Amino acid sequence: MKENTTRLDHVVLWVREPVAAAGFYEEAVGLEPVRVSEYAEGRAPFPSVRINDETILDLMPRAMAETLTMVPGAADSAGHPVNHVCLALPGHAFDELRTRLEERAVPVSAFSYDSFGARGAARRSFYFRDPDGNVLEARHYD
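In this section: the nonpolar core. Core analysis: the largest hydrophobic core is formed by 26 residues, its most contacted members being Tyr25, Val29 and Phe128. Among the secondary structure elements, those contributing two or more residues to this core are strand 1 (10-15), helix 1 (18-27), strand 4 (56-61), strand 5 (85-88), helix 3 (91-103), strand 7 (120-129) and strand 8 (135-140). In this structure Val29 touches Phe24, Leu87, Leu97, Arg100 and Phe128, once residues within four positions along its chain are discounted.

In structure tokens, the structure reads:
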């Protein structure tokens, strides 16, 4: 495998209500909320949820779209979620995630087997949507 020091820092998801989105990701997906109270108090522009020590998902309110000026056309991306974000988990956490989603009546896809990813073929994977329509894939390699 090629030595590579590049890491994924964050992915920004457009959401209607950031506090509710953070709640979904905490309760249903099991991710740690970051800056939710700061956002609710007006001291942070958006909250996030932590995937691991190096990576977070930023939960950007769609209402901020017209203020984005970092690249031409950035505001036009609001409401257009990425195809999907994939979360790789250990096998037991994968099963626990699916159970939490099903307990909350979140629709989940059938399992896929041996699908290719960053670490080779994943034993199982499935897809689900967050309340804002963003598609997530969950998978495990062990």
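Summarising the element assignment, Pro18 is placed in helix 1. Residues Pro18 and Leu59, spaced 41 residues apart in sequence, show a C-alpha to C-alpha distance of 5.7 Å. Aside from chain neighbours lying at most four places away, what touches Pro18 is Tyr39, Pro47, Leu59 and Pro61.

Taken as a whole and assessed by the stated rule, the structure comprises six aromatic pairs. For the pair Phe94 and Phe126, a centre-to-centre distance of 5.2 Å together with 65° between the ring planes defines the contact as edge-to-face. Of this pair, Phe94 sits in helix 3 while Phe126 sits in strand 7, placing them 32 residues apart in sequence. Considered together, Phe94 and Phe126 belong to a single accessibility category, that of buried residues. With centroids separated by 6.3 Å and ring planes inclined at 55°, the aromatic side chains of Phe111 and Tyr113 adopt a geometry described as tilted. By relative accessible area, which is 28% here, Phe111 ends up partly exposed. Residue Tyr113 is classed as exposed on the basis of its relative accessible area of 52%. Above the plane of the ring of Phe111 lies Arg98, whose end atom (NZ or CZ) is 4.2 Å from the centre. Taking the ring centre of Phe111 as reference, the NZ or CZ of Arg124 above it sits at 5.1 Å.

The rules we used
Residues numbered from 1 in each chain as written. Predicted model: local features only at pLDDT ≥ 70, side-chain atom pairs only at ≥ 80, totals over all residues. Heavy atoms only, no water. Core = buried A, V, L, I, M, F, W, Y, C linked by side-chain atoms within 4.5 Å. Buried < 20%, exposed > 50% of the residue type's maximum accessible area, 1.4 Å probe, protein only. Helix = DSSP H or I, 4+ residues; strand = E, 2+ residues; numbered from the N terminus. Contact = heavy atoms within 4.5 Å. Phe/Tyr/Trp six-rings, centres within 6.5 Å; stacked < 30°, edge-to-face > 60°. Lys NZ or Arg CZ within 6 Å of the ring centre and 35° of its normal.

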